[in-house]
Amino acid sequence: MNIHILDGGQPAELQPVSCTFALAEIPVAGKTIKEHLLNRFAQRCKASNAFTLSLHPALWPSDTLLLQIAAAKSPCRIVSNELGLLGWISETGDPPPEDTPSLPVDAGSLQIRYPWDLLRLNESLVGALTEDRILGTVRERVSWDGHLELGEGSVILPGVYLEGNVRIGHNCKIGPNCYIRGNTSIGNQCHIGQAVEIKNSLLMDKVAVGHLSYAGDSIIGPGTNFGAGTIIANLRHDGKNHRSSVGDLLIDSGRRKLGTIIGANVHTGINTSIYPGRKIWPGACTRPGEVVHNDLHPDTI
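The shown structure was predicted, so the numbers you read here are calculated from the model rather than taken from an experiment.

Engineer: Please set out the packing of helix H1 (residues 33-44) against helix H2 (residues 63-70) residue by residue, giving values where relevant.
Structural biologist: The interhelical angle for the contact between H1 and H2, taken along N-to-C directions, is 60 degrees, at an axis separation of 10 Å. Compared by their axis directions, H1 and H2 come out oblique. Pair H1 / H2 crosses with right-handed handedness. Each of Arg40, Phe41 and Arg44 in H1 lies in contact with H2, whose residues at this interface are Asp63, Leu66, Leu67, Ile69 and Ala70. In terms of residue class, the contact of H1 with H2 is made up of five nonpolar, no polar and three charged.

Spelled out as structure tokens, the structure:
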């Protein structure tokens, strides 16, 4: 079976991440969504099958649905109740007619619609690590109790503790005295400064998190720089799920813990505090000591 991942566009619901990336090209756990999907299907779909699978990158199929797709022997449509047509199997690669039999997207599949869905995908991919893969340098007095993937040219300085599975790209500097908690993925050429804590987050390439900062349950876009002492809140005082503004709607994220979603090339001043569930658009800056109460989008920057 030939595999074709559709572009997926830059959906407004995924802003501010989709301001920089098309959906298929968003980097999660060291690869783009497109690369992860191609790898998954390449392991299951037989090359001798004459059909072409066209799949929208918003669909991360469950193992059950993936096997159903791989076993298909005739054209079909892959349909979600929430997002509509998310893929198809055909001989030509073109969408088959609407009366073609459908495979429903099951409850176990992840449908990527909002930014916090990327956190779920990151948790799944990093959580699936089953062994250490260390190509960089780990200095003395560093310890971890999950699995660690460390890229070439990266160094973890003394006093760093990694709890759970952690993935770090190439040419990064971590520490000293950091606390990195799973399931965290750190991109390439990142700098995590002295005494920083990061928990269950996705950091893209060239992110710098200044000393004495905290990021939990957050997505941080490429080229972003945190001034020292930047703190992201991720828990409501009443313990309820976080809600986040998407257009004119306030959407329940389904998450009890949710930090911030930050676009590319954002700079925070020292001692910036960010309310949970807030989003910051690319290129925004905060002043020293600023409190981010509301989303920082283009018409408020």
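Engineer: Explain the pairing of strand E4 (residues 52-55) to me, and be specific about the residues and the numbers.
Structural biologist: Residues Thr52 and Ser54 of E4 are buried on one face, and the alternating residues Leu53 and Leu55, pointing to the opposite face, are buried as well. In terms of strand pairing, E4 meets strand E7 (residues 84-90) through four bridges, oriented antiparallel. Residue pairing for E7: Thr52 is matched across the bridge by Ser90.

Engineer: Which residues make up the pattern of salt bridges, and what are the values?
Structural biologist: All told, the structure shown has nine salt bridges when counted by the stated rule. In this structure, Arg255 and Glu123 form a salt bridge, with 2.7 Å as the shortest nitrogen-oxygen distance. Note that Arg255 is positioned in the loop between strand E29 (249-252) and strand E30 (261-262) and Glu123 in helix H3 (residues 115-127), a separation of 132 residues in sequence. Residue classification places Arg255 among the buried residues on the basis of a relative accessible area of 12%. Of the residues examined, Glu123 reaches a relative accessible area of 23% and is grouped as partly exposed. Residues joined in a network through salt bridges with shared partners are Glu123, Lys199, Asp217 and Arg255.

Cut-offs and rules
Residues numbered from 1 in each chain as written. Predicted model: local features only at pLDDT ≥ 70, side-chain atom pairs only at ≥ 80, totals over all residues. Heavy atoms only, no water. Axes fitted to C-alpha atoms, helices over the stretch in contact; angles between N-to-C directions. Helix = DSSP H or I, 4+ residues; strand = E, 2+ residues; numbered from the N terminus. Parallel < 35°, antiparallel > 145°, perpendicular 65-115°, else oblique. Left-handed = near helix turned anticlockwise from the far one by under 90°. Contact = heavy atoms within 4.5 Å. Nonpolar A, V, L, I, M, F, W, Y, C, P; charged D, E, K, R; others polar. Buried < 20%, exposed > 50% of the residue type's maximum accessible area, 1.4 Å probe, protein only. Pairing = 2+ DSSP bridges. Salt bridge = Lys/Arg side-chain N within 4 Å of Asp/Glu carboxyl O.

Bear in mind that shape data such as this cannot, by itself, settle questions of function.
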